[in-house]
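Observations on the model geometry
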Amino acid sequence: MTTFDDILKEAGEFGPFQKRIFAMMCMVSMPWAGVYVGIVFQGFTPDHWCRDPAVAEKRQACGWSLDESRSLTVPLVHSSGGPQQSSCEQYEVDWNATELTCDTQELDLSKTPTRACKGGWEYDYKGRKSFVTEFDLVCSDAWLVDMFQATLNIGFLIGSIATGYLADRFGRKISFLMSNLLNGIAGILVAVAPNYVALLVFRTLYGFGVKGGWVVGYVLITELVGVEYRRTVGVIYQMFFSVGILILPLLAYFITDWRWLQVVITVPYILFLSYYWFIPESPRWLLSQNKKSKAVEITEAMAKENKMTLSKNIKNLTDENSNSCTASFMDLIRTPKMRKHTLILSFNWFTSAVVYQGLIMRLGILGGNVYIDFLISGLVEFPAAFLILFTIERVGRRIPFASANIVAGAACFITAFIPDHMFWFKTVVACIGRLGITMTFEMVVFVNTELYPTYIRNLGVSVCSTLCDVGGIVAPFLLYRLAVIWLELPLIIFGSLAFVAGGLVLLLPETRGVPLPETINDIEFPER
């Protein structure tokens, strides 16, 4: 009986064949960054104030500056940073009835009653057109912006479960291509959405395909390489997401209209349809479906491209898992250690998503130069991958995983209490937090795979990682709504979550140098 791993040693575990497919698959990680955190640019809320048509006419007639007409329209309100001009209220004055001279000095409006904006808003665009300015999603409608991110994560949630099922049922390759077809269509629909409700519907569909397709790519590439290359390949595949994070602010700087930015983020998904001619189906999946001849054909092509020769063993190629029992959700929680793993990993997925998305979206409301802030914080993600690859074989999984969480939590707490005038110090500490949470996000994926037995591994990762999407649904509300109360309040919540997650990780067993578990008994009674 010969397993696929035995044959892979003959065909080449990470030869030119795998490197070519791996390079192509890494491209898939890059546009995902634009989809995941594009809200920072596409949903940018500029400085805004009530529009009064009569004052606007008078402004042109008198040649006033925007500031002068703004001071005539809106009252001052007191906020934590001192008095500011209101964004959501205006003076209740009938400008057509009053004899308004062009000299703005002689008007005293301080005793005038105020009301909510009636005639729409004026925006200080700073050269960016976002869906916020197009659909007037400010003041009492500001919470609708959170829905842009929440609907995407709802799409992720349903899509990753559905695509995971389809990938196990109909194959990795077809699921990958169908996801990209959906991404191409939904992405363009988002770009041409006539109103905000349509935008949210298309955005959910977009989420449905994007994450599922990314996960299938992850599965396909790890199934094609030898066991010892799997982890490195997985971490680098995720690292290309960080490359996408660096490209995004450059694109957004030059493409200032959110609709065109959406088109540019979507185009790669349409190009990925060409992979039909370049990537194979996973031979492991074909074996599990008893399609042996096709699996052998692909493996022979692999050996040929890798300039390796296969022995006669390929004739007795069998799938070690084809006769195993079917996985059910109950297996994840029926026995005490499995239950503990499931709960701790789920909480870590949730925390990683909330803190990671929260820290990125926070860059959009800080009022600094959002392009530079985004670029700096993106560069910080790269050391994460190298720190992981450097520590996990020397130190193990548990200590780096827990430390990364605790460092992220501490950085969030400290950042919240650093005064604003120590700007660079505050930025550096926030970046350390970002590095920590990026590490936990990249580690939770493979720690998850190492703590579940083979037959239930895919289901285990799918179930736990759904909490990642629940975290993504919660994150925008936590960030944007709490920041209205106090700008740093979200950081306190993020810090608390990360601390708890780090403490829980210490309760997990160390998996360095331990063979992957095959059955639930391997988990429950590891000492046997």
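Residues numbered from 1 in each chain as written. Predicted model: local features only at pLDDT ≥ 70, side-chain atom pairs only at ≥ 80, totals over all residues. Heavy atoms only, no water.

1. What about the overall build of the protein chain?
- Helix and strand counts for the protein chain come out as 21 helices and six strands.
- Taking the principal axes of its C-alpha atoms as reference, the protein chain extends roughly 100 × 45 × 40 Å.
- When each of the 528 residues of the protein chain is scored for burial, the buried share is 53%.
- Across the protein chain, every contact between residues at least 6 apart in sequence was considered, and the portion connecting residues at least 24 apart equals 81%.
- As displayed, the protein chain has an accessible area near 23300 Å², and 65% of this comes from carbon and sulfur atoms.
- Here the protein chain contributes 43 positively and 46 negatively charged side chains, and the mean placements of these two sets differ by 9 Å. (Helix = DSSP H or I, 4+ residues; strand = E, 2+ residues; numbered from the N terminus. Buried < 20%, exposed > 50% of the residue type's maximum accessible area, 1.4 Å probe, protein only. Contact = heavy atoms within 4.5 Å. Areas by Shrake-Rupley, 256 points an atom, 1.4 Å probe, with all protein chains shown as cover. Lys, Arg positive; Asp, Glu negative; His and termini not counted. Charge placed at Lys NZ, Arg CZ, Asp CG, Glu CD.)

2. Some words on the state of the cysteines
- Counted according to the given criterion, the structure contains two disulfides.
- Between the sulfur atoms of Cys50 and its disulfide mate Cys117 the distance is 1.8 Å. Linking Cys50 and Cys117, the disulfide has an S-S dihedral of approximately -65° and is accordingly described as left-handed. A residue pair is termed long-range when its members are at least 10 positions apart, and Cys50 in strand 1 (residues 48-50) and Cys117 in the loop between strand 5 (114-116) and strand 6 (121-123) qualify at 67 residues. Each member of the pair Cys50 and Cys117 is classed as buried.
- Across the disulfide, Cys88 is cross-linked to Cys139 (sulfur-sulfur distance 2.0 Å). On the sign convention where negative means left-handed, the S-S torsion of about -95° between Cys88 and Cys139 marks this disulfide as left-handed. Of this pair, Cys88 sits in the loop between strand 3 (82-85) and strand 4 (89-91) while Cys139 is found in the loop between helix 6 (131-135) and helix 7 (143-170), placing the two residues 51 residues apart along the sequence.
- Look at Cys88 and you get partly exposed, because its relative accessible area is 29%.
- Residue Cys139 is classed as partly exposed on the basis of its relative accessible area of 23%. (Disulfide = S-S within 2.5 Å.)

3. Quick word on the packing of aromatic side chains
- Tallied over the entire structure, the rule returns 31 aromatic pairs.
- Ring plane angle 35° and centroid distance 5.8 Å describe the contact between Tyr36 and Phe156, whose orientation is recorded as tilted. You can see Tyr36 sitting in helix 2 (residues 16-37) and its partner Phe156 sitting in helix 7, a full 120 residues away along the chain. The exposure classification of Tyr36 matches that of Phe156, with both residues buried.
- Ring geometry for Tyr253 against Tyr371: centres 5.2 Å apart, planes inclined by 90°, an arrangement best described as edge-to-face. In this pair, Tyr253 is assigned in helix 10 (residues 227-254) and Tyr371 in helix 15 (residues 370-379), connecting sequence segments 118 residues apart.
- With relative accessibility at 17%, the residue Tyr371 sits in the buried group.
- Put simply, the rings of Trp32, Tyr36, Phe156, Trp214, Tyr218, Tyr237, Phe241, Trp349, Tyr356 and Phe441 pair up and form one aromatic cluster.
- When the ring centre of Phe148 is taken as origin, the NZ or CZ atom of Arg203, which lies over that ring, is 3.8 Å away. (Phe/Tyr/Trp six-rings, centres within 6.5 Å; stacked < 30°, edge-to-face > 60°. Lys NZ or Arg CZ within 6 Å of the ring centre and 35° of its normal.)

4. Some remarks on a nonpolar patch on the surface
- Taken together, Tyr165, Leu166, Phe170, Ile174, Met178, Leu181, Ile185, Ile188, Leu189, Val192 and Ile270 make up a surface patch of nonpolar side chains, about 980 Å² in accessible area.
- At the level of secondary structure, the elements contributing two or more residues to the nonpolar patch comprise helix 7 and helix 8 (172-191).
- With six residues, helix 8 is the largest single contributor of residues to the nonpolar patch. (Patch = residues over 30% accessible without salt bridge, like charges linked within 9 Å, V, L, I, M, F, W, Y side chains within 5 Å. Salt bridge = Lys/Arg side-chain N within 4 Å of Asp/Glu carboxyl O.)

5. Regarding the pattern of salt bridges
- Tallying each qualifying case throughout the model produces 19 salt bridges.
- With a closest N to O distance of 2.6 Å, Arg259 and Glu134 form a salt bridge. Of this pair, Arg259 sits in helix 11 (residues 258-271) while Glu134 sits in helix 6; the two residues are 125 residues apart in sequence, bridging distant segments of the chain.
- Judged by relative accessible area, which is 19%, Arg259 ranks as buried.

6. Let's talk about the nonpolar core
- Met25, Phe41, Phe131, Leu199, Phe374 and Phe494 are the most contacted members of the largest nonpolar core, which has 132 residues in total.
- In terms of residue count, helix 9 (residues 196-224) provides more of this core than any other element does, 13 residues in total.
- Contacts of Leu199, omitting those with residues within four sequence positions, involve Phe131, Phe135, Phe148, Val190, Ala193 and Trp258. (Core = buried A, V, L, I, M, F, W, Y, C linked by side-chain atoms within 4.5 Å.)

7. Notes on the packing of helix 2 against helix 10
- Between helix 2 and helix 10, the least distance of the axes is 7 Å, while the angle of their chain directions is 45°. As summarised for this structure, helix 2 and helix 10 are arranged oblique, according to the angle between their axes. With respect to the hand of their crossing, helix 2 and helix 10 are arranged in right-handed fashion. Facing Phe22, Met25, Cys26, Met27, Val28, Ser29, Met30, Trp32, Ala33, Gly34, Tyr36 and Val37 of helix 2, the residues of helix 10 in contact are Val233, Ile236, Tyr237, Phe240, Phe241, Val243, Gly244, Ile245, Ile247 and Leu248.
- Of the residues belonging to the contact of helix 2 with helix 10, the class tally is 19 nonpolar, three polar and no charged. (Axes fitted to C-alpha atoms, helices over the stretch in contact; angles between N-to-C directions. Parallel < 35°, antiparallel > 145°, perpendicular 65-115°, else oblique. Left-handed = near helix turned anticlockwise from the far one by under 90°. Nonpolar A, V, L, I, M, F, W, Y, C, P; charged D, E, K, R; others polar.)

8. So, the packing of helix 1 (residues 4-11) against helix 13 (residues 292-305)
- Interaxial distance between helix 1 and helix 13 falls to 9 Å at its minimum, and their mutual angle equals 25°. Judged on the interaxial angle alone, helix 13 and helix 1 are roughly parallel. The segment helix 1 lies against helix 13, with Phe4, Ile7, Leu8 and Ala11 engaging Thr299, Met302 and Ala303.
- Counted by class, the contact of helix 1 with helix 13 contains six nonpolar, one polar and no charged residues.

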